[in-house]
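The primary structure of each chain is shown beneath.
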Amino acid sequence: MRRTAPLAAALLLAGCGLTNDLVGGGGNARLGEPRPQAPVTGFVVTPVPEASVAAHEVLQKGGNAVDAAVAAGFALGVTLPSRAGLGGGAVCLIDMPHDEGGTGRPVALLFPPGTPRGSQAGASRPAAVPQMARGLLAMQARYGALPLAADIAPAASMAGGGVPVSRALAADLGVVGDALLADPAARNVFATPDGRLLQAGETLRQPDLAATLARLQSGGVLSFYQGHLADSLLAGAAEAGAGLTATDLRADAARYASPDIVQALGAEIALPPTAAGIGTRAAIEALANAPDDLAGAGRDAIAAAAAARHVTGFGALPASAGYAIADAKGGVVGCATTMNNLFGTGRIATGTGILLAASPRRVSPPLLSVALATTDGAFRAVTTGSGQAGAPLAAGAAMAESLRAGQAMPHPVPAPGRANAIACSGTLPGAPHSCAAAADPRGGGLAIGSR
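Here goes a summary of the coordinates provided. Residue numbering note: each chain is counted from 1, following its sequence as written. Per-residue local features are limited, in this predicted model, to residues with pLDDT of at least 70; the limit for side-chain atom pairs, both in listing and counting, is 80 or more; totals at the level of whole chains, interfaces and linings are taken over all residues. Here the side-chain values reflect all heavy atoms present in the structure, with hydrogen atoms and water set aside.

1. Here we look at the nonpolar core
Here's step 1: The term nonpolar core refers to a set of buried residues drawn from Ala, Val, Leu, Ile, Met, Phe, Trp, Tyr and Cys, joined through side-chain atoms within 4.5 Å. Exposure is judged per residue with a 1.4 Å probe applied to protein chains only, and the accessible area is read against the type maximum: over 50% gives exposed, under 20% gives buried, and values in between give partly exposed. Residues Phe74, Ile94 and Leu213 are the most contacted members of the largest nonpolar core, which totals 84 residues.
Here's step 2: Starting at the N terminus, helices and strands are each numbered in turn, a helix being any DSSP run of H or I of at least four residues and a strand any DSSP run of E of at least two. Broken down by element, this core gets its largest block of residues, 10 residues, from helix α2 (residues 65–79).
Here's step 3: Note on contacts: a residue pair qualifies if any of its non-hydrogen atoms lie within 4.5 Å across the two residues. Beyond its immediate sequence surroundings of up to four residues, Ile94 is in contact with Val66, Arg105, Pro106, Val107, Leu109, Met139, Tyr143, Tyr256, Val332 and Val333.
Here's step 4: By size, the runner-up hydrophobic cluster in this structure holds 28 residues, among which are Leu287, Ala373, Ala419 and Ala423.

2. Structural notes on helix α4 (residues 148–161)
Here's step 1: Take the number of residues in a helix, subtract one, and multiply by 1.5 Å to get its expected span. Compared with an ideal rise of 1.5 Å per residue, which puts 14 residues at 20 Å, α4 spans 20 Å between its outermost C-alpha atoms and is within 8% of the ideal.
Here's step 2: Two axes define the bend at a residue: one fitted to the seven residues ending there, one fitted to the seven starting there, and the bend is the angle between them. Approximately 35° is the largest bend angle found in α4, and it occurs at Pro154.
Here's step 3: Turning to α4, the residues buried within the fold contact α1 (49–60), α2, α3 (132–143), β5 (163–164), β6 (203–204) and α7 (207–225).
Here's step 4: With its phi angle positive at about 95°, Gly162 sits one or two positions after the end of α4.

3. A few points about α3
Here's step 1: Taking 1.5 Å as the rise per residue, α3 with 12 residues should run 16 Å; its terminal C-alpha atoms sit 17 Å apart, in good agreement.
Here's step 2: For α3, the full list of buried residues reads Met132, Ala133, Arg134, Gly135, Leu136, Leu137, Met139, Gln140 and Tyr143.

4. Re the packing of aromatic side chains
Here's step 1: Working definition: a ring pair exists when centres of Phe, Tyr or Trp rings (six-membered ring for Trp) sit within 6.5 Å. Plane angles under 30 degrees give stacked, over 60 give edge-to-face, the rest tilted. Enumeration over the complete set of coordinates arrives at 2 aromatic pairs.
Here's step 2: Between Phe190 and Phe343, the ring centres sit 5.4 Å apart and the planes meet at 80°, which makes this aromatic pair edge-to-face. Here Phe190, found in helix α6 (residues 184–190), pairs with Phe343, found in the loop between β11 (332–338) and β12 (348–349); they are 153 residues apart in sequence, far enough to count as distant.
Here's step 3: Judged by relative accessible area, which is 1%, Phe190 ranks as buried.
Here's step 4: By relative accessible area, which is 1% here, Phe343 ends up buried.
Here's step 5: For the pair Phe224 and Tyr225, a centre-to-centre distance of 4.7 Å together with 55° between the ring planes defines the contact as tilted. Across this residue pair, the class does not change: Phe224 and Tyr225 are buried.
Here's step 6: The ring of Tyr225 is capped by Arg134, whose NZ or CZ atom sits 3.6 Å from the centre of that ring.
Here's step 7: In our convention, an over-ring charge means Lys NZ or Arg CZ found within 6 Å of a ring centre and within 35 degrees of that ring's normal. Sitting over the ring of Tyr256, Arg142 keeps its end group 3.8 Å from the ring centre.

Shown next as structure tokens:
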């Protein structure tokens, strides 16, 4: 059964990179006017303001944390394709109430950019198997309260109508420079008519991606991986030199797994069962014993993550991004996304608008860092970390400080890490006024909280 909820009566955005509160209106309705509706409790933090607003609007329309997380994931594919696109993938931690498909314990959902089955020997720019749609739709199918089309609608609207280039995307464009414009399809998206890269505040339009999202709204996951949309994707990827096959699209799957669990700081903290999760666990355990030794915790995190991958250390690692959602009933989702390189391969599958992630054969996998804390089954905090090798410490330090202080990330995490957080001094459900969301103050993200 699909559930509905009232819309918030007012929306107040206080700024970017900080904790922001959204408060619903009150008072009595005048004759002939709609009755004021109570605001919906929910907390959202993403690296791009428009993605945060899209996710919060889905909460206000009756969606749960998963609906909002799906909306945020697709919205980031439009607004931050350098780090989160349909051609890439992610790792998520999910904790939903029993009446929305949850088990009372967090689960991990793993859908990083996939490794093609073939050798890709003839590919000029080998690409990963696109996994983002598969993972987001798997999450939505199991836990979502709204129709899939409603969760994708904000992203489709932004892709077709245009959206301002965010500070985060502008910074990434500045890193890759004109190299991105070597691909004609990418140039059509990321450059102005006179051939220069888009700047912060200028309009990013992606009509081909809007059409792809519309087809995904109507056709669902099978259309993306086996139907007409899959045929278009493979044809466009071939033009982009990606080396992908129909077997590649059909073979990979999003995978649910039991998270790693650490008991620390008065909470049960769930972590992905990955090298990044092991590194984040090491950081949390170190900080539980020595709260001020961030440098030591960072060394422990990297050593543990490297050992989990059977390597002695890390060179350059791919970029990532993180976002988190919590709803009124204590449903929580935290995700870390990647394209296995800034802007992936730098090429778009012709005619689809899908920027292709780099093949895992060509890069060291990123450290996709997320942590989710509960106490007696009730939500306490969720954190995400980015910053290449600094990601595990970022997620771990944000979690340790949030639990100790009873507030979302009271201090910035050590550079080069960046973190986002939602935390409560009480718990959800039960004490929403004790909760807040916080975006890393050094980025351009937006945290929204309505209580």
